[in-house]
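Structural description and commentary
Below are the chains, spelled out letter by letter.
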Amino acid sequence: NAVYPFHGAHQAGITTPVQDRLHFASFDLADSLTRDDLVQLLKDWTAAAAKMTAGQPVGETGAVDGPEVAPPEDTGEALDLPAAGLTITFGFGPTLFQTTDGRDRFGLASRRPAALAVLPRFSGDNLSPEISGGDIAIQACADDPQVAVHAIRNLSRIAFGRASIRWSQLGFGRTSSTSTSQLTARNLMGFKDGTANIKAEDPKVVDAQVWADGDPSWMAGGSYLVTRKIRMIIETWDRAQLQEQERVIGRNKGAGAPLSGGAEFTAPDFSATGATGKPLIDKAAHVRLAHPDQNKGTQLLRRGYNYVDGNDQLGRLDAGLFFISYQRDPQQFIDIQRSLATDALKEYIRHVGSAVFAVPPGAKAGGFIGQQLF
Ligand code: HEM
């Protein structure tokens, strides 16, 4: 039963060892909201988030100790449950700074980081606007799904009349590891996911690749969050031969070792060739194209989750990867996603949702999330 401190130089939920469950919500702010209202909302959210991550109910009186004649301050479903490693991470979307029709609702347009812009269109994108974008994102991760859902539910309830959920996503079975203390979990394609991820135990890489610099100064110690809802064409994948599946990824399915040989954590050798002279790791293999060698040394901290949203009308699972990455600049994601234009995996996946957020640094005790922005 882990408890992660809410306050600190960086927000929790980025380099924190990835928890098992996700509830992610993207909010749109009410048109009537003023700048002061926005600040108050962030203060209210900060107070509630600090309580919940400590394993406590929100408000002064929680779920059952308030007046009989008022709705309880906390919804109650996490009573008796531990903190379960809950982290709550907030991010600001481009539309917080300026609406798509150019309005500067909160006097923040000049404070928008140049790096924070709607992602460009990528080849093969099939995005639905109703599951993309949003003014403010909240990522709740926990080892108990009820704890993660309780967090988003109560934050949404607190925001009533001020912000409403535009889209949200439940996720399970972390498809990544952000600490060397964690075993690598598997995605719904059955492959180990997160082997070559950035790990918290490598602070040099984290500093160079994950934490934003001081331009603009309010983002110092923050990061940029990219989310991509990636549906898997699972039925097609499940009919592909094992050797085809392994060619597509560039690693073997059992141990997760690169096809150039060795064990899970052996570095891939992209120049190794087999008896026929063909590269052991295919030219179009996902790990070749995503590797730093192909991307001028660029890396991402991946923190995604599996999802299954029931099924479609043809009886196919509506399932895939809710991809989450943190980077010091969204350009890192853009560059790697562009280099994945010829990825063999593309035949088996479709990007259906997309969002980008500026994640401010952590709040100090007594302060609130995003305080440096105002
Ligand atoms: C590596 C799966 C989408 C970036 C991997 C690995 C797997 C995998 C199995 C190898 C194990 C590992 O190192 O984690 C998938 C699946 C995807 C997907 C199933 C979609 C459904 C993406 C996207 C990006 C990305 C959209 C970024 C634009 C990476 C990176 C690596 C990686 C940077 C590490 C490469 C290396 O350094 O060796 N992915 N991935 N992946 N993937 Fe993905």
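Here's a quick rundown of the structure. (Residues numbered from 1 in each chain as written. Predicted model: local features only at pLDDT ≥ 70, side-chain atom pairs only at ≥ 80, totals over all residues. Heavy atoms only, no water.)

As for the overall build of the chain
Selection rule: Each helix corresponds to a stretch of at least 4 residues labelled H or I by DSSP, and each strand to a stretch of at least 2 residues labelled E; elements are numbered beginning at the N terminus. Put simply, the radius of gyration uses C-alpha atoms, and a globule should come to 2.2 Å times the residue count raised to 0.38. For every residue, the accessible area (1.4 Å probe, protein chains only) is compared with the maximum for its type, and the residue is labelled buried under 20%, exposed over 50%, or partly exposed between those bounds.
The number of helices and strands found in the chain is 8 helices and 11 strands. A compact globule built from 374 residues should have a C-alpha radius of gyration of about 21 Å, and the chain, at 21 Å, falls within 12% of that. If you line up the chain on its principal axes, its C-alpha atoms span 75 × 45 × 45 Å. Among the 374 residues that make up the chain, the fraction classed as buried is 52%.

Comments concerning the environment of Asn295
Which entries qualify depends on this criterion: Residue contacts are defined here by distance: any two heavy atoms, one from each residue, within 4.5 Å place the two residues in contact. Polar contacts, as counted here, are pairs of nitrogen or oxygen atoms within 3.5 Å of one another; within protein the pair requires one atom able to donate a hydrogen and one able to accept it, and residues that are adjacent in sequence qualify only if both atoms are side-chain atoms.
Counting through the fold element by element, Asn295 comes out in the loop between helix H7 (286-290) and strand S8 (301-302). Excluding residues that lie within four positions of it along the chain, Asn295 makes contacts with Leu289, Ala290, Asp335, Ile336 and Ser339. Polar side-chain contacts of Asn295 include one of 3.5 Å to the backbone oxygen of Ala290. Of the polar contacts made by the side chain of Asn295, one reaches the backbone oxygen of His291; its length is 2.8 Å.

Observations concerning the site of the ligand
Here is the rule we go by: Nearness of a residue to a molecule or strand requires only that one of the residue's heavy atoms be within 4 Å of it.
Close to the ligand lie 28 residues; Gly194, Thr195, Ala196, His286 and Arg302 are nearest. Note that an oxygen atom of the ligand is positioned 2.5 Å from one of the backbone N or O atoms of Gly194. One nitrogen or oxygen atom from the side chain of Arg302 is found 2.9 Å from an oxygen atom belonging to the ligand. When contributions to the shell around the ligand are tallied by element, the ones reaching two or more residues are strand S6 (192-193), strand S7 (223-232), H7, strand S10 (317-327), helix H8 (330-339) and strand S11 (349-359).

Here we look at the nonpolar core
Generally speaking, soluble globular proteins have nonpolar side chains that are buried together. To be explicit about the condition: Remark: nonpolar core denotes a set of buried residues (Ala, Val, Leu, Ile, Met, Phe, Trp, Tyr, Cys) joined through side-chain atoms within 4.5 Å.
By size, the foremost hydrophobic cluster in this structure holds 75 residues, and its most contacted members are Leu29, Leu38, Trp45, Ile88, Phe90 and Leu96. For this core, the element with the most residues is helix H1 (residues 35-53), which contributes 8 residues. With residues up to four places along the chain from it excluded, the contact list for Phe90 reads Phe6, Gln11, Trp45, Ala49, Ala137, Ile138, Leu155, Val359, Pro360 and Ile369.

Some words on a negative patch on the surface
The criterion, for reference: Residues with no salt bridge and a relative accessible area higher than 30% make up the patches, which join like charges within 9 Å and nonpolar side chains (Val, Leu, Ile, Met, Phe, Trp, Tyr) within 5 Å. Only the protein chains shown count as cover for residues, and all accessible areas are computed by the Shrake-Rupley method using a 1.4 Å probe. Only one rule defines a salt bridge in this text: a Lys or Arg side-chain nitrogen within 4 Å of an Asp or Glu carboxyl oxygen. The sign given to each residue is positive for Lys and Arg and negative for Asp and Glu; His and the chain ends receive no count. Just so you know, the charge point we use is NZ for Lys, CZ for Arg, CG for Asp and CD for Glu.
A cluster of acidic residues, Asp213, Asp215, Asp329 and Asp335, forms a negative patch at the surface. Inspection of the secondary structure assignment puts Asp329 in the loop between S10 and H8. Classification of Asp329 by relative accessible area gives partly exposed; the value is 30%.

Some points on the coordination of the iron atom of the ligand
Geometry sets the ideal angles at a metal, namely 109.5 degrees for four tetrahedral donors and 90 or 180 degrees for six octahedral donors. Formally: Because water is not among the atoms used, a metal site may look incomplete, as its donors are only the N, O and S atoms within 2.8 Å, or 3.2 Å for Na, K and Ca.
From the protein, the iron atom of the ligand takes a single donor atom, His286 (NE2), 2.0 Å away. Positionally, His286 belongs in helix H7.

Considerations on the pattern of salt bridges
In a structure, side chains of opposite charge can pair up when their charged atoms sit close to one another. A full pass over the atoms with the stated rule returns 15 salt bridges. Note that Asp44 is salt-bridged to Arg162, the shortest N-O span being 2.9 Å. Within this pair, whereas Asp44 is found in helix H1, its partner Arg162 is found in the loop between helix H3 (145-158) and strand S4 (163-171), the two being separated by 118 residues in sequence. With relative accessibility at 26%, the residue Asp44 sits in the partly exposed group. The partner of Arg231 in a salt bridge is Asp318, with the nearest N and O atoms 3.7 Å apart.

Observations regarding helix H6 (residues 242-249)
Taken together, the buried positions of H6 are Glu244, Gln245, Glu246, Val248 and Ile249. Packing partners of the buried residues in H6 comprise helix H5 (234-238) and H7.

Comments concerning the pairing of S7
The side chains of a regular strand alternate, first on one face of the sheet and then on the other. Put simply, the rule reads: Two strands qualify as a pair provided DSSP detects at least 2 bridges between them.
Summarising burial for S7: 10 of the 10 residues are buried, a large majority. Residues Ser223, Leu225, Thr227, Lys229 and Arg231 of S7 are buried on one face, and the alternating residues Tyr224, Val226, Arg228, Ile230 and Met232, pointing to the opposite face, are buried as well. Bridging between S7 and S11 involves 10 bridges; their strand directions are antiparallel. Residue Val226 lies in a different strand from S11, and its bridge partner there is Val356. Here S7 pairs with S10 via 8 bridges, running antiparallel. By the bridge assignment for S10, Ile230 is matched with Leu321.

What about H1?
Definition in use: The length a helix should cover is 1.5 Å for every residue beyond the first.
In this model, H1 (19 residues) spans 27 Å end to end at C-alpha, consistent with the 27 Å of a helix rising 1.5 Å per residue. When we look at burial in H1, the residues that qualify are Leu38, Val39, Leu41, Leu42, Trp45, Thr46, Ala48, Ala49, Met52 and Thr53. Check the buried side of H1 and you find it contacts strand S1 (21-29), strand S2 (87-92), helix H2 (94-97), strand S3 (136-142), H3 and S4. Within two residues after H1, Gly55 carries a phi angle of roughly 85 degrees, on the positive side.

Concerning the packing of H1 against H3
Using the following cut-off: Each axis is a line fitted through C-alpha atoms, and for a helix only the stretch in contact is used; angles between axes span 0 to 180 degrees, taken between their N-to-C directions. Orientation labels follow simple angle bins: below 35 degrees gives roughly parallel, above 145 gives roughly antiparallel, 65 to 115 gives roughly perpendicular, and whatever is left gives oblique. Here a crossing is taken to be left-handed if its near helix is turned anticlockwise relative to the far helix by less than a right angle, and right-handed if that turn runs clockwise. Classes in brief: Ala, Val, Leu, Ile, Met, Phe, Trp, Tyr, Cys and Pro nonpolar; Asp, Glu, Lys and Arg charged; the others, Gly included, polar.
Packing of H1 against H3 leaves a shortest axis separation of 10 Å and a crossing angle of 155 degrees. In this view, H1 runs roughly antiparallel relative to H3, as classed from their interaxial angle. The element H1 and its partner H3 pack so that their crossing is right-handed. Residues Asp44, Trp45, Ala48, Ala49 and Met52 of H1 touch H3, and the partners they reach there are His150, Ala151, Asn154, Leu155 and Ile158. Residues of the contact of H1 with H3, tallied by class, amount to 7 nonpolar, 2 polar and 1 charged.

Focus on the packing of aromatic side chains
This is how the line gets drawn: In summary, the pairing rule links any two rings of Phe, Tyr or Trp, Trp by its six-membered ring, whose centres are within 6.5 Å, and it sorts them by plane angle into stacked for under 30 degrees, edge-to-face for over 60 and tilted for everything else. Criterion for a charge above a ring: Arg CZ or Lys NZ at most 6 Å from the ring centre, at most 35 degrees from the ring normal.
With the rule as written, the count across this model stands at 13 aromatic pairs. Seen in terms of ring centroids, Phe24 and Trp167 are 5.6 Å apart; in terms of plane orientation they differ by 10 degrees. Their pairing is stacked. In this pair, Phe24 sits in strand S1 while Trp167 sits in strand S4, placing the two residues 143 residues apart along the sequence. Using a relative accessible area of 0% as the deciding quantity, one classes Phe24 as buried. Judged by its relative accessible area of 6%, Trp167 falls in the buried class. Ring centres of Phe24 and Phe357 lie 6.4 Å apart, and the angle between their planes is 45 degrees; this geometry places the pair in the tilted category. On the criterion of sequence distance, the pair formed by Phe24 in strand S1 and Phe357 in strand S11 is long-range, its members being 333 residues apart. Taken together, the ring pairs in this structure connect Phe24, Trp167, Phe322 and Phe357 into an aromatic cluster. Positioned above the aromatic ring of Tyr307 is the side chain of Lys229, whose terminal nitrogen or guanidinium carbon lies 4.6 Å from the ring centre.

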